[in-house]
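Residues per chain, in single letters:
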Amino acid sequence: MSGSTLAIVVLAMMAMVYQLAWWRSRRQAVASGERPHSRPRYHGAWVAFWCAGPALLVLGLWSLIEPLVLQASLTANLPDSQAQLSSMQVEQLLRRIKDLASGYGVVGEVAPYEQAAAEQWQRLSAIAAAAKWVLVLLVAGVGSRWALTKVQLTFRARHQVEKLIKLLLWGCSAIAILTTVGIVFSMFGEALRFFAFVSPVDFFFGTIWNPSFSSTGHDHGDYGLLPLLWGTLMVSAIALLVAIPVGLMTAIYMAEYAPARFRSFAKPVIEILAGIPTIVYGVFALMAVGPFFATVGAWLGIEIRATSALTAGVVMGIMIVPFVSSLSDDIISQVPQSLRDGALGLGATHSETIRQVVLPAALPGIVGAFLLATSRAIGETMIVVLAAGNSPQLHGNPFAAVSTVTVSIVNQLTGDTDFAGPQSLVAFALGLTLFVITLLLNVVALYIVRKYREQYE
Amino acid sequence: MESHTLSTQDVLHERMAKKLKQRHRRERLFKFAGLLATCLGLAFVAFLFISILSRGIPAFWQSTISIPVYIDPELVAVEAPPEREPQESQAAFKARQDAWRNGLMRVSWNAVLAAAVADLYPQEDFAVRDVLALFTSAERHRLRDLVAQDPSVIGSTLTLNFLAHANVDVWLRGNISRDLPDAQQQLPPKVRALADRMAADGYIQQRFSKALFLNTDSRSSAASAGLSGAFMGSLFMMLIVLLLAVPVGVASAIYLEEFAPENTWTNVVEVNINNLAAVPSIVFGLLGAALLIGWFKLPLSAPLVGGLVLSLMALPTVIIATRSALQAVPSSVRDAALGIGASKVQMVFHHVLPLALPGVLTGAILAVAQSLGETAPLLLIGMNAFVANVPSTPMDQATALPVQIFLWQGNELRNFFEARTAAAIVVLLAMMLGLNLFAVWLRKRLEKRW
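Residues numbered from 1 in each chain as written. Chains lettered and ligands numbered in written order. Predicted model: local features only at pLDDT ≥ 70, side-chain atom pairs only at ≥ 80, totals over all residues. Heavy atoms only, no water.

Chemist: I would appreciate a short explanation of the overall build of chain A in the present structure.
Modeler: Scanning chain A from terminus to terminus reveals 15 helices and two strands. Computed over C-alpha atoms, the radius of gyration of chain A comes to 33 Å, more than 25% over the 23 Å expected from 2.2 N^0.38 for 457 residues, which places it beyond the range of a compact globule. Each of the 457 residues in chain A was classed as buried or not, and the buried ones make up 47%. Across chain A, contacts joining residues at least 24 apart in sequence account for 73% of those joining residues at least 6 apart. When the accessible surface of chain A is totalled, it reaches about 22,100 Å², and 66% of it is carbon and sulfur. In chain A, 28 side chains carry a positive charge and 25 a negative one; their mean positions are 20 Å apart. (Helix = DSSP H or I, 4+ residues; strand = E, 2+ residues; numbered from the N terminus. Rg over C-alpha atoms; globule rule 2.2 N^0.38 Å. Buried < 20%, exposed > 50% of the residue type's maximum accessible area, 1.4 Å probe, protein only. Contact = heavy atoms within 4.5 Å. Areas by Shrake-Rupley, 256 points an atom, 1.4 Å probe, with all protein chains shown as cover. Lys, Arg positive; Asp, Glu negative; His and termini not counted. Charge placed at Lys NZ, Arg CZ, Asp CG, Glu CD.)

Printed below as a string of structure tokens:
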């Protein structure tokens, strides 16, 4: 509580020194009749930064450290009779002591040592709070005092402020890098711990996936990646079989044939598909598409399970149609009109022009779009969690249930966070595999797209 | 001789005509295939929306039992609520209050409900169990809370609305076949007959389900399960995304577009952002699980952790949208600002950024909408836990709308929760549609000004 009050005080102080620096700079300019290097508000901003920046930093650090130090001193001073308490009991005791100290009171008898501890707690927190106030205000005061002495006609406050702004902007752009570093390191770290249990050969080339949660601890189960990878490939292949023809033909029709009015209606409607959350597709697959396929299968005399590679793949295909279509549409539209005119002038029909001139010219970009769609399909989670049936077996039947890498990550990690056994750690090895595969696909796709772009610019 | 040439020409002509016909047929076929694919795409959209809406819209109405209830002082025999005495510590007062509430809890509210239904049909004799099967179990707690709030209602008769049990709702709406034999029905025959009779007499009506919006999830009382907890969780996460991902994303886009020198570092950052945009969402969930929960020991199931993970996911989207908005500002604006002596920072913040603002805001809103629909990473950081309270801070346990949909679709009470799930999807889609329309409106409105 006192922390946020202090922060508000510091901010108020910041506003005051801003105004102070503004006046001072203004007065100097008027008194000397000369032009100062920077406008008053830059002086103000500079002083305000030196007032609040270091002070808030100190406040933040103090707030992190204070509870730890107080807690430690309290636990150290407990009588010996309380030394054997479990960590949970100590926590309960501390809460009782804090309730006593705050005057809220507790139910039941108050032991003398509790009373003493509560008083000690009160004393220590009072000292800590006072010290915090003094230190933070001191830092703010010293910072502003120093910065205020710098407010001179010749002082280049604007340059300093702009340097700070640029530093801030640079820091923000570094966060994206930090994210990637975080992903790579956390995945690698946890995956290495997994490989201490299971050898990488068994993981990457094993054909049985059966991570049994055995309590004996000796038998870890089997962690073969291949059935999952096979399931992923099967579902993705079905998705692409749906999405590529539909998406590509839609793109061609939109870019080459469609009347403007139809295009302005149909393009945004199809792109709605890209904005729908994947959980909605998953439920849609489960409620509508799966039963539909099962009925069709029964009618044809084939056994099609409601949750199968086919269901998940078709629904995923529907999801990535707008990906393929809008990316391809952009690329087809970028093909220079002169190529079309040349082909049409030689007497080719419109479709011949498209198939023999436009598409070959657009091919690298379209392939890039397909690769991006593939990486999207491989990393997709919720549709397969709901609709693929979760049966990690090596088989070639698209009408039966499969399991994928993403499904297994969800199954292995949901609800478990102590990351002790291979059962949960395997999720990170799977995640690393997934990350590497999608990264490779993206790099190749971006490379192809970029190379294509250079041809016409 | 002449006739011979003519005939050769005729043959050629005929061949060409034939070939041409074939080529034109192919042309028509190709065009038709394109139209077919487009229509297929449109049909997918239509099929998706029709199947969701046809299931979800009816679930906004729910069987509600509306009957007069006599709060019998004999059944509800409790003392007056305690008042705080002077010199009593707050903890001791709270203990006494809890004791009084416990006393209320021991009252047989079931008997009150059973008596209310029995009063409707005085000449009949119902088993208490059959009557209670009509009500969803949370309703007696509601009755208790009503009395706890205002003990003066004891002894009076109130007309109250109660949610019917999920199975009763399923039966009355015909979501379970009436021809099934007793063994396969979810309700015993007497309860079904009573439900039908009360529906015919107007005591059970289909009313708009406020519970869906005002209640939290419920395990024991399916009919009163609602979305408010999940909604608050999603709201907290969207706020965190708005406060973290948007400023950071805009700042780094400004740096990359306006200040970054052409060097290896900049190249690395750019390639990295493009790749980050295509990393599967579940990988971000793994990052959250390992880093935020495993190392920094942040609490499980907290919207704070979810918000951080979603912020990292939304960052590339914001950056890419902001960059294209900045690129769209004509370079003449930059030249003019620099030409009259503005510094680079002044040029960006006084001239370029205000002009790019519509695009930046649109990108930010779309990024927030995208993170509203994300499910997979949240499953890995424990947001699929059952949470019965509305979270009041971002550190409390919570779930999110899409995760709630995931949890409901897996509920065992299939024929009740299928509709409930679809209704939740309608709510989610409506929110996303709202955000998208807001983005469009904002862009139109702001673009006029510049």
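Additional details are given in the paragraphs that follow.
Chemist: Explain the overall build of chain B to me, please; I cannot follow it from the model alone.
Modeler: In terms of regular secondary structure, chain B is built from 17 helices and three strands. Based on the C-alpha atoms only, the size of chain B along its principal axes is roughly 115 × 80 × 45 Å. Buried residues in chain B amount to 47% of all 450 residues. Within chain B, counting contacts between residues at least 6 apart in sequence, those at least 24 apart form 77% of the total. Carbon and sulfur atoms form 59% of the exposed surface of chain B, whose accessible area is close to 22,200 Å². Charged side chains in chain B number 38 positive and 34 negative. The centres of these two groups are separated by 10 Å.

Chemist: What am I meant to see in the interface of chain A and chain B here?
Modeler: Many authors give the size of an interface as the accessible area that is lost as the parts come together. Taken together, the contact between chain A and chain B spans 84 residues of the former and 81 residues of the latter. Summed over both partners, the interface of chain A with chain B comes to about 7,100 Å²; 78% of that surface belongs to carbon and sulfur atoms. Broken down residue by residue, the surface that chain A buries against chain B is led by Tyr104, Leu169 and Met287 of chain A, which jointly contribute 9%. Remark: the boundary between chain A and chain B carries one salt bridge. (Buried area = accessible area lost by both parts, 1.4 Å probe. Salt bridge = Lys/Arg side-chain N within 4 Å of Asp/Glu carboxyl O.)

Chemist: Help me understand the layout of surface pockets, please; the structure alone is not making it clear to me.
Modeler: To find the voids left in a structure, one rolls a probe of water-molecule size over its atoms. Residue and element names in this part refer to chain B. There is about 560 Å³ of room inside the second largest pocket. Glu139, Arg142, Leu163, Ala211 and Asn215 are the residues nearest the centre of the second largest pocket, which is lined by 25 residues in total. Residue assignment for the lining of the second largest pocket shows that the elements contributing at least two residues are β1 (61-70), α5 (138-149), β2 (157-163), β3 (204-208) and α8 (211-214). Take the lining of the second largest pocket: its biggest share by element is six residues, from α5. Here the lining of the second largest pocket is composed, by residue class, of eight nonpolar, nine polar and eight charged. (1 Å grid on protein atoms, 1.4 Å probe; cavity = no way out; pocket = protein on both sides within 12 Å on 5 of 7 lines; lining within 4 Å. Points joined across faces, edges and corners; volume = space filled by probe spheres on them. Nonpolar A, V, L, I, M, F, W, Y, C, P; charged D, E, K, R; others polar.)

Chemist: Where do I start with the pattern of salt bridges in this structure?
Modeler: Any two side chains of opposite charge can pair, given that their charged atoms come close. Evaluation of the coordinates by the stated rule reveals 19 salt bridges over all chains. Taking the shortest distance from any N to any O, the salt bridge between Lys267 of chain A and Glu271 of chain A comes out at 3.6 Å. Of this pair, Lys267 of chain A and Glu271 of chain A both sit in helix α8 (residues 260-275), separated by four residues, roughly a single helical turn. Taking the shortest distance from any N to any O, the salt bridge between Glu418 of chain B and Arg55 of chain B comes out at 3.5 Å.

Chemist: I would appreciate a short explanation of the packing of aromatic side chains in the present structure.
Modeler: For any pair of aromatic rings, the description rests on two quantities: the centre-to-centre distance and the angle between the ring planes. Tallied over the entire structure, the rule returns 28 aromatic pairs over all chains. On the basis of an interplanar angle of 75° and a centroid distance of 5.4 Å, the ring pair of Phe49 of chain A and Trp50 of chain A is categorised as edge-to-face. Judged by relative accessible area, Phe49 of chain A falls into the partly exposed class, the value being 34%. Exposure remark for Trp50 of chain A: the relative accessible area of 30% places this residue in the partly exposed category. Each ring, one from Phe438 of chain B and one from Trp441 of chain B, has its centre 6.0 Å from the other, and the planes form 20°; the classification is stacked. In this pair, Phe438 of chain B and Trp441 of chain B are both assigned in helix α17 (residues 414-449), three residues apart and thus about one turn of the helix distant. (Phe/Tyr/Trp six-rings, centres within 6.5 Å; stacked < 30°, edge-to-face > 60°.)

Chemist: Teacher, can you tell me more about helix α7 (residues 226-257) of chain A here?
Modeler: For the α-helix, the turn length of 3.6 residues means that residues three or four positions removed from each other point alike. For α7 of chain A, with 32 residues, the first-to-last C-alpha span of 44 Å sits near the 46 Å given by 1.5 Å per residue. Summarising burial for α7 of chain A: 23 of the 32 residues are buried, a large majority. (Expected span 1.5 Å × (residues − 1).)

Chemist: I tried to follow the confidence of the model for chain B on my own but got confused; where do I start?
Modeler: The predicted coordinates should not be examined in detail at positions where pLDDT is low. Across chain B, the average pLDDT comes to 87, with 98% of residues at or above 70. For chain B, the element scoring lowest by mean pLDDT is helix α2 (residues 90-106) of chain B, at 81; helix α9 (residues 228-259) of chain B scores highest, at 93. (pLDDT = per-residue confidence, 0-100.)

Chemist: Quick question: what am I supposed to make of a positive patch on the surface here?
Modeler: On the surface, a cluster of positive charge is made up of Arg355 of chain A together with Lys19, Lys21, Arg25, Arg26 and Arg28 of chain B. For the positive patch, the element with the highest residue contribution is helix α1 (residues 2-56) of chain B, accounting for five residues. (Patch = residues over 30% accessible without salt bridge, like charges linked within 9 Å, V, L, I, M, F, W, Y side chains within 5 Å.)

Chemist: How should empty space enclosed by the protein be read in this particular structure?
Modeler: All names here are of chain B. Taken as a whole and assessed by the stated rule, the structure comprises six cavities of 30 Å³ or more. Of the volumes computed, that of the largest cavity is approximately 70 Å³. In terms of lining, the largest cavity is formed by Ala59, Trp61, Gln62, Asp169, Arg173, Asn175, Asn415, Phe416, Ala419 and Arg420. Of all elements in the fold, only β1 and α17 reach the threshold of two or more residues within the lining of the largest cavity. Here the lining of the largest cavity gets four residues from one element, more than from any other, and that element is α17. Split by residue class, the lining of the largest cavity holds four nonpolar, three polar and three charged.

Chemist: Can you walk me through the environment of Val384 of chain A in this structure?
Modeler: Residues and elements named next belong to chain A. Its place among the elements puts Val384 in helix α13 (residues 382-387). For Val384, a relative accessible area of 2% translates into the label buried. With near-sequence residues (within four places) excluded, Val384 lies in contact with Val235, Ala312, Met316, Gly389, Thr404, Thr406 and Val407.

Chemist: Before we go on, may I ask you to explain the sheet that holds β1 of chain B in this structure?
Modeler: Strand pairing in a sheet relies on backbone hydrogen bonds. The paired strands run either parallel or antiparallel. Residues and elements named next belong to chain B. A sheet is described by the order of its strands in space; here three strands give the open sequence β2-β1-β3, paired in antiparallel fashion. Edge positions in the sheet fall to β2 and β3, since each has one partner strand and no second. Going from strand to strand, the sheet's axes swing by 40° on average, the running direction of each strand aside. Pairing geometry for β1 and β2, over seven bridges, is antiparallel. Its bridge partner being in β2, Pro68 is matched across the sheet by Thr159. (Pairing = 2+ DSSP bridges. Axes fitted to C-alpha atoms, helices over the stretch in contact; angles between N-to-C directions.)

Chemist: When you look at the domain arrangement of chain B in this model, what are you seeing that I'm missing?
Modeler: Residue and element names in this part refer to chain B. Annotation of chain B at the domain level lists domain 1 (61-208) and domain 2 (228-449). Placing the centre of domain 1 and that of domain 2 at their C-alpha centroids yields a distance of 44 Å. At the interface, eight residues of domain 1 touch four residues of domain 2. Summed over both sides, the interface between domain 1 and domain 2 buries roughly 500 Å², with carbon and sulfur atoms accounting for 52% of that surface. By the criterion of area lost to domain 2, the three top residues of domain 1 are Gln62, Ala166 and Val170, representing 55% of everything that side buries. Applying the counting rule to domain 1 against domain 2 returns two residue pairs in polar contact (both at pLDDT 80 or more). Per-element tally for the side of domain 1 that touches domain 2: the top contributor is helix α6 (residues 166-172), with four residues. Of the residues belonging to the side of domain 1 that touches domain 2, the class tally is three nonpolar, four polar and one charged. (Domains from an automatic or database assignment. Polar contact = N/O pair within 3.5 Å; in protein donor to acceptor, adjacent residues only side chain to side chain.)

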